[in-house]
Structure formats: structure tokens, C-alpha cells
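Next come the chains, spelled out residue by residue.
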Amino acid sequence: MTGPQAEAVIDLDAYAANVAALRAHVGDAQVMTVVKADAYGHGSVPVARTARAAGADWLGVATVDEAVALRASGDVGPLLCWLAAPGAAFAAAIDADVELTASSVAQLEEILAVAPRRPRLQLKVDTGLSRNGALGAEWSRLVEAAAVAQSAGRVEITGVWSHFACADEPQHPANDRQEAVFRAAVDEARAAGIEPGLRHLSNSPAALTRPSARFDLVRLGIATYGVPPARDLDHPVELRPVMTLRGRLAAVKRVPAGSGISYGHTVVTDRDTTIGLVPLGYGEGVPVAASNRVSVGFAGEQVPQVGRVCMDQLMIDLGDRPARVGDVVTLFGPGDDGEPSALDWADACGTIGYEIVTRIGGRVVRSYVGGQS
Ligand SMILES: *Cc1c(COP(=O)(O)O)cnc(C)c1O
């Protein structure tokens, strides 16, 4: 048997189906698919191409460099970015028809100072995440400064937007508060003479559960990758995991009862058993926190991971199952090989599904099935 010893298989048909199901769910709102951080570890270029083909109205990334790189890969169509420190490649982004976000007056002024031509800009208000965006009086100053620049023909303001803090907890009181602050911020922009254009506030969990917050567009990341934003979120959209992480057994050995497994001997076998060696470790983004807490799929069944996860490799306890070097082990995915989901791994590791898929990289080979690739 040949093939990579460790691979992340990216199912672009599943991705396209998730985008289509989410588009149908949000009705008239436009959809921005978020492909930052190398498409949450799935590969931004093939994912972006699939998103456009699946009818995404917009693409979104965090940094200016991500946006410019996407353009260099051949991407065309509406594209927004939103996170920049001073000195970011604003001019290159404007040249490449990327829409930028201004989160402060200083940022607006820097963008206008370096713009090679009139830029299209969106304004971000902080409605309660205390992360990026203009807060309170700074929002008032930002809309005033943007209105002055727009009347002078120096900028075109195309949108006003914000981001939820607790949308994965639909009952959290912060959600209503943020939505109210957002509506007031939009009113304030209008009063200052800025027609807000595209108004958007919702991420995946809000788009799934909160119709009142859809406005003109929703920004969808994690749900498009088929990872539920949280356990037990109540919604009717069927999502299929896009990433399957798997490896092939590099060694299989019978060990006697009383054998210590991996660094620190965190597990000592209580019986004779078969240990399988999987060539994936924290160098590939498998969390050390997963040690002794997760299962993997093997021949349609879940078997436990045992011992501390190493840099390059991890062990699984195959019991008395027949197993051979080269056999496939599926760490997480849609469940076709009995494997748990990325969300199961996240729960076991005390983290979020977002982190499990996004951190996968290192020596993992990505292969693509389906889609336009
Ligand atoms: C990452 C991000 C999103 C996507 O969030 P999901 O929860 O993955 O849907 C949307 N908006 C902004 C500003 C983001 O940074």
C-alpha cells in the first residue's frame, strides 16, 4: 500500500453542500464564507474557489496579507478583511480590489493616507466583544471622520458591521444587548450621513440560531467546515465535517501486561495487548492534551488512544484486534470509519472544535476530493 503516512482529506463536496444548506437557511441574507487561517486549516485556495462556485456572495479573511495572497492565487469577487496593525499592506489590498475595515479613526486616516485610489471601506463597531472595532465615543468620531472623507470623495463606505461574543450560547443576555447596540450604531452612522450599505453582525452560531441578527449578510466560518460551533446548538441545518485526519500504522506490536506506554508511562497495560503506532503528533497539531482522552477510528470501530502524544507520533490500544502495518487509522472526521468528530476531540481536550481543525498542519499532506479542484 502506498500513499502519504499522514493526511488530512478535505471533502470539497461536503464544503459546498454545507455552504448551500447554510445559504438556504439564512434566506435573503447574503453569505460571506470566512477562509482566514488557511481556511481553518483546510487550505484557503481550494476552499475559496469552492466557496465562490457554491454561491458565496463574499469571502472574508482576517489579515490584509491573507486577502492579498488570495487575490494573487486568482480569486476575484467581493472580499473583505478586518484585522490590521499599522503598516499593513493597505495600498496593495486596495489595488487588488479588497475591501478593508476601519476600526478606529487612526486606522481610517492611515488607510486614506496610503490609498492609491478611492478605497471601499467598511466600518467596524465594538458592540460588546471588547476586541476590535470602535467603541462608544470612538464610534461617533469614526462615523464623523468617515462622513467627512466620503463627502470629499476620498472613500466609499460600503458597510457597517460588528461581531458577537456569546452567539454560541443563544440564551446569553449579551446577544440581545449587542444587537441593540448594533442597531443604535447603524442609526448613528445614518444620522452622520453614512448610508450603512451592508450591515452584518452574525457569525456561524448566530446565523444558525438568531434570525433577528441576519441583517444584510452573515459571516460563516466554522459551520461551512461542518464543525458545529458548539455542542447542542438547536438548528435544522445538516452539516457534514469537511476534514478527515488519518494516518497509516507505522508499527504494530504485541506488548505484555505491565508495559509502560510512551513518555512518562502515563499508562501501564493491565493485560497483554496490541499497540499501534500512528505517525501523527503535536508537530502536526495533534494536541498533547488529547493524551489518553480521545478515541480514533479503526476498521469501523473506536479504539482508545493511549500514552502521551509525542511530537511525531501517538499510540493506540488495539486490544486483540488483527492489525497490520499500513492499516488506516482515522483520528477524526465525519464518522465513516467509526472515528469521532473534531468536536468530540475538542470536548475531550477542553478546547473548541475551531482549534482542533485549524491547528492541523506540519507534515500532514492535504488531499482534496470533490469540488472543482
Ligand atoms: C472568524 C470570524 C468569523 C467566522 O466565525 P465562525 O464562528 O467561524 O462562523 C466571522 N466574523 C469575524 C469578524 C471573524 O473573525
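In the block above lies the structure referred to throughout.
Residues numbered from 1 in each chain as written. Predicted model: local features only at pLDDT ≥ 70, side-chain atom pairs only at ≥ 80, totals over all residues. Heavy atoms only, no water.

Undergrad: Give me the lowdown on the pattern of salt bridges, citing residues and values where you can.
TA: For the structure on display, the rule yields 24 salt bridges. A salt bridge links Asp336 to Arg240; the shortest N-O distance between them is 2.9 Å. Remark: Arg240 occurs in the loop between β9 (217-220) and β10 (243-248) and Asp336 occurs in the loop between β18 (328-332) and α10 (342-349); sequence separation between them is 96 residues. The class for Asp336 is exposed, based on a relative accessible area of 59%. Ionic pairing is found between Arg321 and Glu301, a salt bridge with its closest N-O pair at 3.0 Å. Within this pair, whereas Arg321 is found in the loop between β17 (314-319) and β18, its partner Glu301 is found in strand β16 (residues 301-306), the two being separated by 20 residues in sequence. The class of Arg321 is partly exposed, set by a relative accessible area of 26%. Glu301 gets classed as partly exposed once you look at its relative accessible area, which sits at 39%. One salt-bridge network, held together by shared partners, links Asp176, Glu179, Arg183 and Arg210. (Salt bridge = Lys/Arg side-chain N within 4 Å of Asp/Glu carboxyl O. Helix = DSSP H or I, 4+ residues; strand = E, 2+ residues; numbered from the N terminus. Buried < 20%, exposed > 50% of the residue type's maximum accessible area, 1.4 Å probe, protein only.)

Undergrad: Give me the lowdown on the site of the ligand, citing residues and values where you can.
TA: Around the ligand, the surrounding shell holds 15 residues, and the nearest of these are Lys36, Tyr40, Ser204, Ile222 and Tyr354. The separation between an oxygen atom of the ligand and a polar side-chain atom of Arg131 is 3.5 Å. Between Ser204 and the ligand, the recorded distance is 2.5 Å, taken from a side-chain N or O atom to an oxygen atom. Against a free-state accessible area of 390 Å², the protein chains account for coverage of 95% of the ligand. Looking at side-chain class alone, the shell around the ligand contains 8 nonpolar, 4 polar and 3 charged residues. (Near = heavy atom within 4 Å. Polar contact = N/O pair within 3.5 Å; in protein donor to acceptor, adjacent residues only side chain to side chain. Areas by Shrake-Rupley, 256 points an atom, 1.4 Å probe, with all protein chains shown as cover. Nonpolar A, V, L, I, M, F, W, Y, C, P; charged D, E, K, R; others polar.)

Undergrad: Any chance you could break down the sheet that holds strand β3 (residues 58-63) for me, citing the residues and the numbers?
TA: With respect to topology, 8 strands assemble into an open sheet ordered β4-β3-β2-β9-β8-β7-β6-β5, the strand pairing being parallel. Each of the sheet's edge strands pairs with one partner strand only, and the pair in question is β4 (79-83) and β5 (100-102). The sheet shows a mean angle of 30° between the axes of neighbouring strands, direction not considered. Judged from the 3 bridges that link them, β5 and strand β6 (residues 120-124) form a sheet pairing that is parallel. Across the sheet, the residue bridging to Ala102 is Leu123, located in β6. Contacts from helix α6 (residues 105-114) reach β5 and β6, with the element oriented near 140° to β5. The sheet strands contacting helix α8 (residues 173-191) are β7 (156-161) and β8 (198-202), and the helix crosses β8 at an angle near 165°. (Pairing = 2+ DSSP bridges. Axes fitted to C-alpha atoms, helices over the stretch in contact; angles between N-to-C directions. Contact = heavy atoms within 4.5 Å.)

Undergrad: Tell me what's going on with empty space enclosed by the protein, and back it up with residues and numbers.
TA: This model, assessed by the stated rule, comprises 2 cavities of 30 Å³ or more. Of the volumes computed, that of the largest cavity is approximately 70 Å³. Along its surface, the largest cavity is lined by 13 residues, and Gly226, Val227, Pro241, Met243 and Ala342 are the ones closest to its centre. Of the residues contributing to the lining of the largest cavity, the split by class is 10 nonpolar, 3 polar and no charged. Lining the second largest cavity are Val64, Cys81, Trp82, Leu83, Ala84, Phe90, Leu100, Thr101 and Gln107. Element by element, the count of residues in the lining of the second largest cavity is highest for β4, at 3 residues. Of the residues assigned to the lining of the second largest cavity, the class counts are 7 nonpolar, 2 polar and no charged. (1 Å grid on protein atoms, 1.4 Å probe; cavity = no way out; pocket = protein on both sides within 12 Å on 5 of 7 lines; lining within 4 Å. Points joined across faces, edges and corners; volume = space filled by probe spheres on them.)

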